[in-house]
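If you want the building blocks of each chain, they are given just below.
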Amino acid sequence: MENATLHTQVRLAGGEPTTVLVHDRRIQALGGAAPAGVPVVDGGGALMLPGLIDAHAHLDKTMYGMPWYRNEVGPRLIDKIENERVEKKRLGIDPYRQSARQIVMSIGDGTSHIRSHVDVDTDIGVAAIEGVMRARDQYRDEIDVELVAFPQSGLLIRPGTLELMDQALRMGADVVGGLDPAGMDRDPKGHLDAIFALADKHGKPIDIHLHEAGELGAFSMQMTIDRVLALGMQGKVTLSHAFCLGMPDTQAVQALTDGLLQAGVHIMTTGSASRPVPNVARLRQAGVTVCTGNDGMRDTWGPYGKPDMLERTMLVGLRNNLRRDDELELALDVATYGNARVMQLADYGLTPGCHADFVLVDAETVAEAIAARPVRKLVVKRGKVVARDGRALVSAP
Ligand SMILES: [Zn+2]
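Residues numbered from 1 in each chain as written. Predicted model: local features only at pLDDT ≥ 70, side-chain atom pairs only at ≥ 80, totals over all residues. Heavy atoms only, no water.

A. Inspection of the overall build of the protein at higher detail. Of the regular secondary structure elements, the protein holds 11 helices and 16 strands. For the protein, the C-alpha radius of gyration of 21 Å lies close to 21 Å, the compact-globule estimate for 397 residues. Dimensions of the protein along its principal axes, counting C-alpha atoms only, are 65 × 45 × 40 Å. Here the protein holds 397 residues, and the buried ones make up 57% of them. Restricting the contact set of the protein to residue pairs at least 6 apart, pairs at least 24 apart contribute 75%. (Helix = DSSP H or I, 4+ residues; strand = E, 2+ residues; numbered from the N terminus. Rg over C-alpha atoms; globule rule 2.2 N^0.38 Å. Buried < 20%, exposed > 50% of the residue type's maximum accessible area, 1.4 Å probe, protein only. Contact = heavy atoms within 4.5 Å.)

B. How the structure looks around helix α6 (residues 214-231). Helix length check: α6, at 18 residues, gives a terminal C-alpha distance of 26 Å against a target of 26 Å (1.5 Å per residue), a fit within 8%. Of the positions making up α6, those classed as buried are G217, A218, S220, M221, T224, I225, R227 and V228. (Expected span 1.5 Å × (residues − 1).)

C. Expanded view of the side chain of H266. Residue position: H266 is located in strand β11 (residues 265-268). You can call H266 buried: its relative accessible area is 8%.

D. Expanded view of the nonpolar core. The biggest cluster of nonpolar side chains holds 81 residues, and the ones touching the most others in it are I103, I129, I206, M221, L245, L260 and I267. Filtering out sequence-adjacent residues up to four positions away, I129 remains in contact with V118, V120, L147, A149, A168 and M171. Ranked by size, the runner-up nonpolar core spans 12 residues in total, among them V20, I27, L360 and V380. (Core = buried A, V, L, I, M, F, W, Y, C linked by side-chain atoms within 4.5 Å.)

E. Examining the sheet that holds strand β12 (residues 290-291) more closely. Read from one edge of the open sheet, 8 strands run β5-β6-β7-β8-β9-β10-β11-β12, paired in parallel fashion. Here the strands that pair on one side only, and so sit at the sheet edges, are β5 (52-57) and β12. Here strand β8 (residues 175-179) pairs with strand β9 (residues 206-210) via 4 bridges, running parallel. By the bridge assignment, L179 is partnered in β9 with H209. The strands touched by helix α4 (residues 161-171) are β7 (144-150) and β8; relative to β8, the strand with the most contacts, the crossing angle is about 155 degrees. In the packing of helix α5 (residues 188-202) onto the sheet, contacts are made with β8, β9 and β10 (237-241), and the angle to β8 comes to roughly 175 degrees. (Pairing = 2+ DSSP bridges. Axes fitted to C-alpha atoms, helices over the stretch in contact; angles between N-to-C directions.)

F. Local environment of the sheet that holds strand β2 (residues 18-23). Reading across the sheet, the 8 strands line up as β3-β2-β1-β4-β13-β14-β15-β16 and stay open at both edges, with mixed pairing between neighbours. Every other strand in the sheet has two partners, leaving β3 (26-30) and β16 (391-392) as the edge strands with one partner each. Here strand β4 (residues 40-50) runs beside strand β13 (residues 358-361); their pairing, made up of 4 bridges, is antiparallel. Within the sheet, the bridge partner assigned to M48 lies in β13 and is L360.

G. Structural view of the coordination of the zinc ion. Within the protein, the atoms that donate to the zinc ion are H56 (NE2), H58 (NE2), H209 (NE2) and D295 (OD), at distances of 2.1 to 2.4 Å. Taken together, the 4 donor atoms surrounding the zinc ion define angles of 88 to 171 degrees at the centre, an arrangement classified as irregular. Here the donor residues of the zinc ion share one chain and are spaced in sequence as H-x1-H-x150-H-x85-D. One end of the pair, H56, is in strand β5; the other, H209, is in strand β9, with 153 residues separating them in the sequence. The class of H56 is buried, set by a relative accessible area of 0%. Residue H209 is classed as buried on the basis of its relative accessible area of 3%. (Donors = N, O, S within 2.8 Å, 3.2 Å for Na, K, Ca; no water. Tetrahedral: all angles 85-135°; square planar, octahedral: opposite > 155°, others 65-115°.)

H. Region of the structure containing the UniProt feature "domain: Amidohydrolase" (unreviewed entry) in the protein. Under the feature "domain: Amidohydrolase" (unreviewed entry), the UniProt entry names residues 153-387. Span residues 153-387 is 43% helix and 15% strand, its end C-alpha atoms 36 Å apart. (UniProt positions renumbered as here; feature names shortened; annotations may be inferred.)

I. Highlighting the environment of V132. Relative to the helices and strands, V132 resides in helix α3 (residues 127-138). With 77 residues separating them along the chain, V132 and H209 place their C-alpha atoms 19 Å apart. In contact with V132, other than residues within four places in its own chain, are L59, D60, P95, S99, V118, V145 and L147.

J. Just the packing of helix α9 (residues 309-319) against helix α10 (residues 325-342), in detail. Between α9 and α10, the least distance of the axes is 8 Å, while the angle of their chain directions is 125 degrees. It follows that α9 is oblique to α10 by the angle criterion. In this structure, α9 meets α10 at a crossing whose hand is right-handed. Two secondary-structure elements touch here, α9 through M309, L310 and T313 and α10 through A331, L332, A335 and N339. Of the residues assigned to the contact of α9 with α10, the class counts are 5 nonpolar, 2 polar and no charged. (Parallel < 35°, antiparallel > 145°, perpendicular 65-115°, else oblique. Left-handed = near helix turned anticlockwise from the far one by under 90°. Nonpolar A, V, L, I, M, F, W, Y, C, P; charged D, E, K, R; others polar.)

K. Region of the structure containing unusual backbone geometry. Phi angles above zero are rare outside glycine, and D24 is one such case at about 50 degrees. Taking relative accessible area as the criterion, D24 reaches 43% and is therefore assigned partly exposed.

L. Seen up close, the side chain of H117. With respect to the helices, strands and loops of the structure, H117 is situated in strand β6 (residues 111-119). A polar side-chain atom of H117 sits 3.4 Å from a polar atom in the side chain of H56. (Polar contact = N/O pair within 3.5 Å; in protein donor to acceptor, adjacent residues only side chain to side chain.)

M. Region of interest: the packing of aromatic side chains. Per the counting criterion, the structure on display carries 1 aromatic pair. Ring centres 5.3 Å apart and planes at 75 degrees place the aromatic pair Y337 and Y348 in the edge-to-face group. On the criterion of sequence distance, the pair formed by Y337 in helix α10 and Y348 in the loop between α10 and β13 is long-range, its members being 11 residues apart. The exposure class assigned to Y348 is buried, which follows from its relative accessible area of 12%. If you follow R134 out to its NZ or CZ, it ends over the ring of Y96, 3.6 Å from the centre. (Phe/Tyr/Trp six-rings, centres within 6.5 Å; stacked < 30°, edge-to-face > 60°. Lys NZ or Arg CZ within 6 Å of the ring centre and 35° of its normal.)

Following this line, the structure appears as structure tokens:
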């Protein structure tokens, strides 16, 4: 049997040690012995997790590897957006170089897939899309990267952006992005008309940054739900952040949750420490698909963040008061299978037939893996070892 490896002494979901046979980039069998001539890799009793997924990143703007950025930005969303556009040019934040750096760190942390929002605006045009695509192509054997064409500086308030979004999608961007239809563009109907038309034209899903809180966010969310139902876009739309679901009016939140379920609209939460956030367990219990990601890290918006999805899972757990082992398992399910559902990844998981994307950590249980966040011992992508002991086997510029 060629192109095969048997991983022994690994524990799936913290169970008894078993074996995983990988053949032709997929998991072929669990629990069997090594066929003749197949190399054996001893996992040493490590916990095997499916490849981690970062379902919300901003690869084009991290400042990892650059001098420390002294952050003196104002408090409003628009302050951060305006500041970033100026600083990108002043500091030379190269989308290719910076996304390559974050990609390589992500591989070392056991991430097998990334959905990255990538800025499209009238200052830089589609240069960031080109840069991230170049990095994506360079590391395509180590990680899968999906691009969202993202109108960070507004869509309708910045004439010319819509045409650039269309160009980014023609170039191969995978998802149509959006941003605060009421709060940013001040024209929720126009904004949603524009992005749903782009999604229809290119046959792509949608992922909207919805920071709008309280009543305003609820208004935009309901408009989005209505539109998804009217256009039959169930299962193809994600609302990222959705801080409005953290508002105290539980009846309004329940009504929105019912709408999200009916329209198959997914929710992305980072478990933000500084904003009201959607309740992950309640959304899941209601049947809404929830996903998570690291969002921007070490950029002009803020100094925090790492590409580590186990750390993100811990932060989601802390913010949602998840303490029991079964609650931490739920948090990891969000960061793995939830993310895979939102990104419509086929054959994801640890059962025979799935792509051989997995990560080994020294932890007794899933809950311990999240609480302790041990170094990733071995990271395998499509059957190939891509990182050992927390370090990717590829390097970044
Ligand atoms: Zn974001």
